[in-house]
Amino acid sequence: MNKNKQNDGVAHLKHEFIIPVETNHEKQAPVETNHEKQTPVETNHEKQAPVPTSVEGDSSTVEPPTKKQKLEDSVTVVSRLGAKYSVSSGSTKRPRLVKAPKSSKLCRSVWCLRVGEDGDGKCTFPKCDFLHDIPGFMQSKPEDIGPKCHIYQTYGMCHHGFTCRFGVDHIEGLGNIVNEDLWAKFKNNPPVSNILKKEVQHRLRRRKYDFTKAVQIHRKVQSDMAKVVASDQNRTVEGVQEKQNKSLDGKQERTLPEEKSCDGIEKNGDCGKNNVENGSQICTENSVCKDHENGSGRDDVEEGSRTCEIDNEKLQHTGSSFLGPTSEEDIIKPTARERKKLEWRGKTYLAPLTTLGNLPFRRICKSYGADITCGEMALASCLLQGSPSEWALVKRHSSEDCFGIQVCGSSAETMIKCAQLLNENTEVDFVDINMGCPIDLIYKKGGGSALMRRHGCVEHMVRGMTGVLDKPLTLKMRTAVYHDARVAHTLIKKAKLWDVSMITLHGRSREQRYLKLADWNYINECAAVADPLPLFGNGDILSFEDYNYHMEHTKVSGIMIGRGALIKPWIFKEIKEQRHWDISSSERFDMLKEYVNCGLEHWGSDSEAIEKTRRFLLEWLSFLHRYIPVGLLEQTQKINQRPPTYHGRDDLETMMASRSVNDWIKISEMLLGPTPSDFLFMPKHKANAY
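First things first, this report covers the structure right here in the doc.

What counts and how
Residues numbered from 1 in each chain as written. Predicted model: local features only at pLDDT ≥ 70, side-chain atom pairs only at ≥ 80, totals over all residues. Heavy atoms only, no water. Helix = DSSP H or I, 4+ residues; strand = E, 2+ residues; numbered from the N terminus. Buried < 20%, exposed > 50% of the residue type's maximum accessible area, 1.4 Å probe, protein only. Contact = heavy atoms within 4.5 Å. Areas by Shrake-Rupley, 256 points an atom, 1.4 Å probe, with all protein chains shown as cover. Salt bridge = Lys/Arg side-chain N within 4 Å of Asp/Glu carboxyl O. Right-handed = clockwise from strand over helix to strand, strands pointing away. Pairing = 2+ DSSP bridges. Axes fitted to C-alpha atoms, helices over the stretch in contact; angles between N-to-C directions. Parallel < 35°, antiparallel > 145°, perpendicular 65-115°, else oblique. Left-handed = near helix turned anticlockwise from the far one by under 90°. Nonpolar A, V, L, I, M, F, W, Y, C, P; charged D, E, K, R; others polar. Core = buried A, V, L, I, M, F, W, Y, C linked by side-chain atoms within 4.5 Å. Expected span 1.5 Å × (residues − 1). Phe/Tyr/Trp six-rings, centres within 6.5 Å; stacked < 30°, edge-to-face > 60°. Lys NZ or Arg CZ within 6 Å of the ring centre and 35° of its normal. Arc of directions from axis to C-beta. Polar contact = N/O pair within 3.5 Å; in protein donor to acceptor, adjacent residues only side chain to side chain.

## A short note on the overall build of the protein
Stage number 1. For the protein, the helix and strand inventory stands at 25 helices and 20 strands.
Stage number 2. Across the 690 residues that make up the protein, the buried fraction comes to 50%.
Stage number 3. Put simply, 72% of the contacts in the protein that link residues at least 6 apart link residues at least 24 apart.
Stage number 4. Accessible surface, the protein as shown: approximately 35200 Å² in total, 49% of it carbon and sulfur.

What follows is the structure in structure tokens.
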């Protein structure tokens, strides 16, 4: 086959691995979620539509699903135990499972009782609804999944004690065994940081946290921006009045230009003396000529100071006035020299991925060589409320040596307060503002990609957040809201004046989502506009060849990798070693084992945590199955290429390539034991684009 064949959206595999089309048509059946295969579906219609069923034991021959017709009413899904879950027909909403009642759960106060320790009096709540009967709980507890507890073997103590589904390794009688020597290494040095303290959470919920600094910065930026608007309006009015006076007098008066250059001196360029009038900086003709004759200028100013051109624009933008050699703004907030600096250029950056970019997944990518990691998008308003689920998104593992937190919000004041909160209570290397989230719920509230249309709000947000942060602030944006009205280059030009440390540009608009390939030509144009500010490109990187091509043919400082890392996390290893890695199915299964172990550490090893780990694993498998082994390909796989129906080199490789949810569940059962009888799963990220 011609290796130079154009990218036609189909991956080119070796013929011996492709299943013939005739065989495929004979066995073809639509792909379904697991509840479609195992349970009946009830609707409010008189005539019930037939439910498609897959072919048992031959999921590898199943073609991608066709788009289903939307129904008018809701659909009731019935589980294997008869429990009913209402799911809106035609939507991607997944069924929500009801948690077990408190009376069936063991109280946390007696979880980790050691051997010989008495549990009486441990619980300090007089009206506690949880279970305190340890022998009764142990009798009703499900059978253990395995003989070895990863948490106990790694840290010397399992915090989930009697509730651990691997408890046979550390439960002795009515007590838990602790390896004191191993536990002493981690007792005062936990591997995970950025855990919200209880006292801080109480102050946030009672609205007693001190945000005085954030409020002052917010008001100052608001005042400065109002002065700029008023100054612009006054200049406009004065200009109109001046033209009217000239037309009445019939005289053309000569006016002194605001900016004038001498021979060899660039307009608005390096000049020595600056006269400050009405909050703006004007270089007069005499001062320019005198400095030019004496050979003096701003080149003699101390190293690290900004040029006159940037200072002029910043002063006109903020309305700040000088008090001696520095501005009032520099007295209040850390300057670029005082703020921590990061070296961005040439680094590989794992994108912040909603749902899938959790801490266990980031640990996997770090083990393969990712340089920079960032937490999942966290909502600023929820962080300010002390939400435990939102604060779980900002946790950091000790292996993440360069870690950032991405926050999303629509209010400048809320974002500034959130920046202060994170600056005072987390260990983080940088903070990122989400300006690219396409989700309707976020967009309609003015956050995410909606900020691409709210330049004034973004400026207020950025200037305020840099005022309270002593860490770099970065922006992640798309090209625009609509693909035919790109605005990223305009916003980037403005952001150069706002003390932003780095910008990441995803080469698609909100409207496009993932329907078309990323526009790297536009990313290159924006990188030229951003220079010398570092700009990272993002979109459609699935191999080290893609990475090398865009690093060589564009002016980007680095590349962020998102879906490519979900499909093959070892892409970072391939980039470092500059080679294609034909990873075997057993090596990929070992990677899944490591992910599960990291998940047990992060979410826990009790029954509810096991199912949470399983669900996140299944979400990842909904992307991971798209990978085609290198040994099966005739040419390098592109991210938008769908494979024909094929079989792998062994049974496990074939199962990992399956598009059936039921096969993904089988893989999870190989790692986490059998699923509960009422278990349901529907992939969260369902899209027509590949």
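Next comes the rest of the account.
## Some thoughts on the pattern of salt bridges
Stage number 1. Enumeration over the complete set of coordinates arrives at 25 salt bridges.
Stage number 2. Of the charged contacts, one joins D440 and R510 as a salt bridge, the two residues approaching to 2.4 Å between their closest N and O atoms. Here R510 lies in the loop between β18 (502-506) and α18 (520-530) and D440 lies in helix α15 (residues 440-443), a separation of 70 residues in the sequence.
Stage number 3. Among the salt bridges present, the one from K471 reaches D470, with a minimum N-O distance of 3.0 Å.
Stage number 4. In this structure D470 comes out as partly exposed when scored by relative accessible area, which is 38%.
Stage number 5. Each of the salt bridges in this network shares a partner with another, and the network as a whole consists of D440, R510 and R513.

## Focus on the environment of I575
Stage number 1. Residue placement: I575 occurs in helix α21 (residues 571-577).
Stage number 2. Judged by its relative accessible area of 7%, I575 is buried.
Stage number 3. The contacts of I575, once residues within four sequence positions are left out, are T348, F544, Y547 and I561.

## A closer look at the pairing of strand β16 (residues 430-435)
Stage number 1. For β16, a buried count of 6 out of 6 residues is recorded, marking the element as mostly surrounded by other parts of the structure.
Stage number 2. The alternating pattern of β16 places F430, D432 and N434 and V431, I433 and M435 on opposite faces, both of which are buried.
Stage number 3. Crossover handedness for the path strand β15 (residues 403-408) to helix α14 (residues 412-425) to β16: right-handed.
Stage number 4. Judged from the 5 bridges that link them, β16 and strand β17 (residues 473-478) form a sheet pairing that is parallel. By the bridge assignment, I433 is partnered in β17 with L475.

## Things to note about the packing of helix α17 (residues 488-495) against α18
Stage number 1. Where α17 meets α18, the closest approach of the two axes is 9 Å, and the angle between their N-to-C directions is 20°. With respect to each other, α17 and α18 are oriented roughly parallel. As α17 packs across α18, the resulting crossing turns out to be right-handed. Every residue of α18 that contacts α17 at A488, H489, I492 and K493 is listed here: Y522, C526, V529 and A530.
Stage number 2. Looking at the contact of α17 with α18 residue by residue, the class counts come to 6 nonpolar, 1 polar and 1 charged.

## As for the nonpolar core
Stage number 1. Counting residues in each nonpolar core, the largest one holds 130 residues, and the members touching the most others are I433, M465, M477, L535, L592 and W620.
Stage number 2. For this core, the element with the highest residue contribution is helix α23 (residues 607-624), accounting for 8 residues.
Stage number 3. Apart from residues lying up to four places away in sequence, L535 is in contact with I492, I503, L505, I523, C526, A527, A530, V556, S557 and G558.
Stage number 4. Among the nonpolar cores identified, the runner-up in size contains 9 residues, and C107, W111, F162 and I171 belong to it.

## Description of unusual backbone geometry
Stage number 1. In this structure, the amide linkage connecting D531 to the following residue, P532, adopts the cis form with an omega of 10°.
Stage number 2. Within the element layout of this structure, P532 appears in the loop between α18 and β19 (535-538).
Stage number 3. For R207, which is not glycine, the phi torsion reads 55° and is therefore positive.
Stage number 4. Examined against the element boundaries, R207 turns out to sit in the loop between α6 (198-205) and α7 (212-249).

## Thoughts on α23
Stage number 1. Helix length check: α23 (18 residues) gives 25 Å between terminal C-alpha atoms against 26 Å at 1.5 Å per residue, within 8%.
Stage number 2. Within α23, 13 of the 18 residues are buried, leaving the element largely enclosed by the surrounding structure.

## Comments concerning the packing of aromatic side chains
Stage number 1. In this structure the tally under the stated criterion is 11 aromatic pairs.
Stage number 2. Aromatic side chains Y155 and F186 sit 4.8 Å apart centroid to centroid with 80° between the ring planes, which places their arrangement in the edge-to-face category. With a gap of 31 residues between them, Y155 in helix α4 (residues 150-155) and F186 in helix α5 (residues 180-186) connect regions that are remote in the sequence.
Stage number 3. A relative accessible area of 12% means that Y155 is categorised as buried.
Stage number 4. Residue classification places F186 among the partly exposed residues on the basis of a relative accessible area of 24%.
Stage number 5. Put simply, the rings of W344, Y349, F430 and F536 touch in pairs and so form one group of aromatic residues.
Stage number 6. Geometry around W581 places K573 over its ring, the cationic atom sitting 5.5 Å from the centre.
Stage number 7. Against the face of F679 rests R614, its NZ or CZ located 5.9 Å from the ring centre.

## As for α17
Along an α-helix, residues three or four apart share an orientation, since each turn contains 3.6 residues.
Stage number 1. Along α17, the positions that sit buried rather than exposed are A488, L491, I492 and A495. The arc enclosing the buried residues of α17, seen along the axis, measures out at 100°, which places them on a common side.
Stage number 2. The secondary structure elements touched by the buried residues of α17 are β16, α16 (455-468), β17, β18, α18 and β19.

## Overview of the side chain of Q406
Stage number 1. You can see Q406 is positioned in strand β15.
Stage number 2. Since its relative accessible area comes to 2%, Q406 is described here as buried.
Stage number 3. A polar contact is formed between the side chain of Q406 and the side chain of D432, at a distance of 2.9 Å.
Stage number 4. At a separation of 3.0 Å, a polar atom in the side chain of Q406 contacts the side chain of N434.
Stage number 5. Look past the residues within four positions of Q406 in its chain and what remains in contact with it is P352, C374, G375, E376, M377, A378, D432, N434 and K476.

## Quick look at the pairing of β18
Stage number 1. For β18, the tally of buried residues reaches 5 of 5 residues, placing the bulk of the element in the interior.
Stage number 2. Neither face of β18 is left uncovered, since the one carrying M502, T504 and H506 and the one carrying I503 and L505 both have all their residues buried.
Stage number 3. Two elements, β17 and β18, share 5 bridges in a ladder whose sense is parallel. Residue K476 lies in a different strand from β18, and its bridge partner there is T504.
Stage number 4. Following the backbone out of β17, through α17 and into the adjacent parallel β18, one traces a crossover that is right-handed.
Stage number 5. Taken together, the 4 bridges between β18 and β19 define a ladder with parallel strand orientation. In the sheet register, T504 faces β19, and the bridge partner there is F536.
Stage number 6. The parallel pair β18 and β19, bridged by α18, forms a crossover whose chirality is right-handed.

## What to know about the packing of helix α11 (residues 359-367) against helix α22 (residues 585-603)
Stage number 1. Two elements in contact, α11 and α22, have axes separated by 8 Å at closest approach and are oriented at 135°. It follows that α11 is oblique to α22 by the angle criterion. Every pair of crossing elements has a handedness; the one defined by α11 and α22 is right-handed. Contacts between α11 and α22 involve L359, P360, F361, R363 and I364 on the former and, on the latter, M591, E594, Y595, C598, G599, E601, H602 and W603.
Stage number 2. Of the residues contributing to the contact of α11 with α22, the split by class is 8 nonpolar, 2 polar and 3 charged.

Everything listed here is a matter of coordinates, which is why it stays silent on function.
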